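Descriptive structure summary
Residue strings, one per chain:
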Amino acid sequence: MTLSPLILGLESSCDDTAAALLRGREVLASVVMGQNSLHEAFGGVVPEIAARAHAERLDLCVEQALDEAGVTLREVDAIAVTAGPGLIGGVLSGVMLAKGLAAGLGKPMIGVNHLAGHALTPRLTDGLAFPYLMLLVSGGHCQFLIVRGPEDFTRLGGTIDDAPGEAFDKTARLLGLPQPGGPSVEAEALNGDEKRIRFPRPLLDRPGCDLSFSGLKTALMRQRDAITAEKGGLTVQDRADLCAGFQAAVRDVLAEKTRRAVALYLDESPDTPALAVAGGVAANSALRAALQAVCDETGLQFTAPPLRLCTDNAAMIAYAGSELFAAGRRSGMDLSARPRWPLDTRSAPLVGSGKKGAKA
Amino acid sequence: MTATTLTLASPDDTCALAMALGARLRAGDVLLLSGEIGAGKTHFARCLIQSRLDAPEDVPSPTFTLVQVYDTATTEIWHADLYRLSSPDDCIELGLTDAFETAICLVEWPDRLEDLTPAKALHLTLADRGGDVRQLTAQWTDPRWAGVLEGLL
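Structural notes, computed from the coordinates. Not measured: the values here are computed from a predicted model.

Before going further, it helps to examine the overall build of chain B. Check the secondary structure of chain B and you find five helices and seven strands. Listed N to C, the secondary structure of chain B is β-α-β-α-β-β-α-α-β-β-β-α in terms of helices and strands. The C-alpha atoms of chain B give 14 Å as radius of gyration, which agrees with the globular expectation for 153 residues (15 Å, within 12%). In chain B, which comprises 153 residues, the proportion classed as buried is 54%. Residue pairs at least 24 apart in sequence account for 60% of intrachain contacts in chain B once pairs closer than 6 positions are excluded. For chain B, the accessible surface area stands at approximately 6,100 Å², while carbon and sulfur atoms represent 50% of it.

Across its full length, chain A carries 11 helices and 10 strands. Taken over the C-alpha trace, chain A has a radius of gyration of 21 Å; the compact-globule value for 360 residues is 21 Å, and the two agree within 12%. Expressed as lengths along the three principal axes of its C-alpha atoms, the size of chain A is roughly 70 × 50 × 35 Å. Across the 360 residues of chain A, 56% fall into the buried class. In chain A, the proportion of contacts linking residues at least 24 apart, taken out of those at least 6 apart, comes to 71%. Accessible surface, chain A: about 14,400 Å² in total, of which carbon and sulfur atoms supply 53%. Once the 36 positive and 41 negative side-chain charges of chain A are each reduced to a mean point, those two points are 5 Å apart.

With that out of the way, let us pick up the state of the cysteines. Residue and element names in this part refer to chain B. Taken as a whole and assessed by the stated rule, the structure comprises one disulfide over all chains. Covalent S-S linkage joins Cys-15 and Cys-47, the inter-sulfur distance amounting to 2.1 Å. Taking the sign of the S-S torsion, -105 degrees for the link of Cys-15 and Cys-47, the bridge is left-handed. Pair noted here: Cys-15 is in helix α1 (residues 11-22) and Cys-47 is in helix α2 (residues 41-52), with a separation of 32 residues, a long-range link.

What follows deals with a nonpolar patch on the surface. A contiguous nonpolar surface patch, about 270 Å² in accessible area, is contributed by A:Ile88, A:Leu92 and A:Met96. Mapped onto the elements, A:Leu92 comes out in helix α3 (residues 88-105).

As a further point, take the sheet that holds strand β2 (residues 16-23) of chain A. Residues and elements named next belong to chain A. Taken together, the five strands give an open sheet; going across it, the order is β3-β2-β1-β4-β5, and neighbouring strands pair in mixed fashion. The open sheet has two edge strands, β3 (26-34) and β5 (109-113), and neither has a second partner. Across this sheet, the average inter-strand angle for adjacent strands is 20 degrees, counted without regard to direction. Two strands pair when backbone bridges link them, and strand β4 (residues 78-84) and β5 are joined in this way by five bridges, in the parallel orientation. If you follow Ile-79 over to β5, its bridge partner there is Met-109.

Once that is clear, we can look at the environment of A:Ile110. Residue and element names in this part refer to chain A. Structurally, Ile-110 is set in strand β5. You can call Ile-110 buried: its relative accessible area is 2%. Along the primary structure Ile-110 and Phe-325 are separated by 215 residues, whereas in three dimensions their C-alpha atoms are 7.2 Å apart. Setting aside residues up to four positions removed in sequence, Ile-110 forms contacts with Ala-78, Ile-79, Ala-80, Val-81, Gly-321, Leu-324, Phe-325, Arg-329 and Ser-331.

It is worth spelling out the nonpolar core at this point. Among the nonpolar cores identified, the biggest contains 84 residues, and A:Phe199 and A:Phe246 are the most heavily contacted of them. Sort the elements by how many residues they give to this core and helix α8 (residues 236-266) of chain A lands first, with 12 residues. Setting aside anything within four residues of it in sequence, one finds A:Phe199 in contact with A:Leu216, A:Ala219, A:Leu220, A:Leu242, A:Gly245, A:Phe246 and A:Ala249. Of all hydrophobic cores here, the second largest spans 30 residues; its members include B:Ala39, B:Ala45, B:Leu126 and B:Ala138.

Here we come to α3(A). Residues and elements named next belong to chain A. Taking 1.5 Å per residue, 18 residues should reach 26 Å; α3 reaches 25 Å between its end C-alpha atoms and fits that length. Here α3 has its buried residues at Gly-90, Val-91, Ser-93, Gly-94, Val-95, Ala-98, Lys-99, Leu-101 and Ala-102. Phi for Gly-106, located one or two positions after α3, is positive at around 70 degrees.

Turning to the packing of α1(B) against α2(B), a few remarks are in order. All names here are of chain B. Where α1 contacts α2, the two axes come as close as 8 Å, and the packing angle between them is 45 degrees. The pairing of α1 with α2 is recorded here as oblique in orientation. The chirality of how α1 crosses α2 is right-handed. Counting all contacts with α1, which are made through Pro-11, Thr-14, Cys-15, Leu-17, Ala-18, Met-19, Leu-21 and Gly-22, the residues of α2 involved are His-43, Phe-44, Cys-47, Leu-48, Ser-51 and Arg-52. For the contact of α1 with α2, the class distribution of residues is nine nonpolar, four polar and one charged.

What counts as what
Residues numbered from 1 in each chain as written. Chains lettered and ligands numbered in written order. Predicted model: local features only at pLDDT ≥ 70, side-chain atom pairs only at ≥ 80, totals over all residues. Heavy atoms only, no water. Helix = DSSP H or I, 4+ residues; strand = E, 2+ residues; numbered from the N terminus. Rg over C-alpha atoms; globule rule 2.2 N^0.38 Å. Buried < 20%, exposed > 50% of the residue type's maximum accessible area, 1.4 Å probe, protein only. Contact = heavy atoms within 4.5 Å. Areas by Shrake-Rupley, 256 points an atom, 1.4 Å probe, with all protein chains shown as cover. Lys, Arg positive; Asp, Glu negative; His and termini not counted. Charge placed at Lys NZ, Arg CZ, Asp CG, Glu CD. Disulfide = S-S within 2.5 Å. Patch = residues over 30% accessible without salt bridge, like charges linked within 9 Å, V, L, I, M, F, W, Y side chains within 5 Å. Salt bridge = Lys/Arg side-chain N within 4 Å of Asp/Glu carboxyl O. Pairing = 2+ DSSP bridges. Axes fitted to C-alpha atoms, helices over the stretch in contact; angles between N-to-C directions. Core = buried A, V, L, I, M, F, W, Y, C linked by side-chain atoms within 4.5 Å. Expected span 1.5 Å × (residues − 1). Parallel < 35°, antiparallel > 145°, perpendicular 65-115°, else oblique. Left-handed = near helix turned anticlockwise from the far one by under 90°. Nonpolar A, V, L, I, M, F, W, Y, C, P; charged D, E, K, R; others polar.

Below, the structure written as structure tokens:
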């Protein structure tokens, strides 16, 4: 039996610096160095600071990953690196290191799309077969994808404005709850009555799989102000009811749009139909239960990779790289860092182009 | 400071105005977008950016990333959300103050700029007037804006 190739993965596209070693589907080491402390004062990711920190930390991450895996650089068969999309300074740091290693070791290098890393994670964690349906939530995007192969993705639809995480954050902001909004709104909603305050269900009246959450925050603000005007303030119960009503609206919209995406996906008669949900959405138990229910009623397997593999990491880059490596893909020394790199270049962009409709 | 107001009856009206204004902007123009959550700041910015892009692409909210930068044939467009910044100095670190000179800049929550607010900027304030209706107030001191806005407001 021949051993699967040993792949070194590098990731530096946003605010986490990461390196991982992978053989087949076995993660030998996955090191993630966050930059939260560096960016905390800014309340967000500052591109220049991120680029500097990546350059300083990437080689330390690689060293630590090699140590943890108990292998040497010499044993590495190929180097997979995030080549985009992301903050250009950070991506460049990773690509430069990969080029240096590839040249020094005489080993092949493979440029990987960061979003493909996320989209292929269910194959690393659950061994899903192509084609599967994916609800991918990452960095302000939320999209339904049919994943047909390591480089073959079809976007069925997605948010045309705010991503769900942002809607939860802004709801928390409007109600004076702590950030991030996902966990705090969910906790409040547990004590609330979702039927007391009715929220709209955006875009349910329109065909297709596109999502819109921007209008919910306006609705929430109006309800909040109406209650405040009537009573002179919000009671703890009012706040819980607002959270419950808001979360129910997000849940219903996500579930119905998922149902439509499933229908389109099932038209292709997949042998082992499955839905994978990556990102914070699956961490909310109300949303997760609704998506699970859609899968139960349509006969799909439901998977949600663990959150640590849904946030940025290099194991997913190494895995995506291993699939591309097996398919014979190699990148040359002209590999460049790409700030934007859509997974599906055939379908029309969504965010901000909602009213104009598909142009493809 | 000169000021003028306009009622926008629908998100489409807001979008049409953003596109018409966008067509008249050049590098070095700074638009400061104020208004409560849900007033339509990001909607306005998205429409403007989309209308200036050579190839259509997603325009996600800059809430998480603080700044999104778009390349166009003539100039970069910077779309910033300063809500989470704690001090105006952070804007220098972000490169925003440099971009005020070299790019078209759309800045949400511009009150965070304090003393760094450029004198040449056009201030746009959106207010929720119920339903889909928004009121837009434009304010400026730089005489350039009177010409740019002619026929739009």
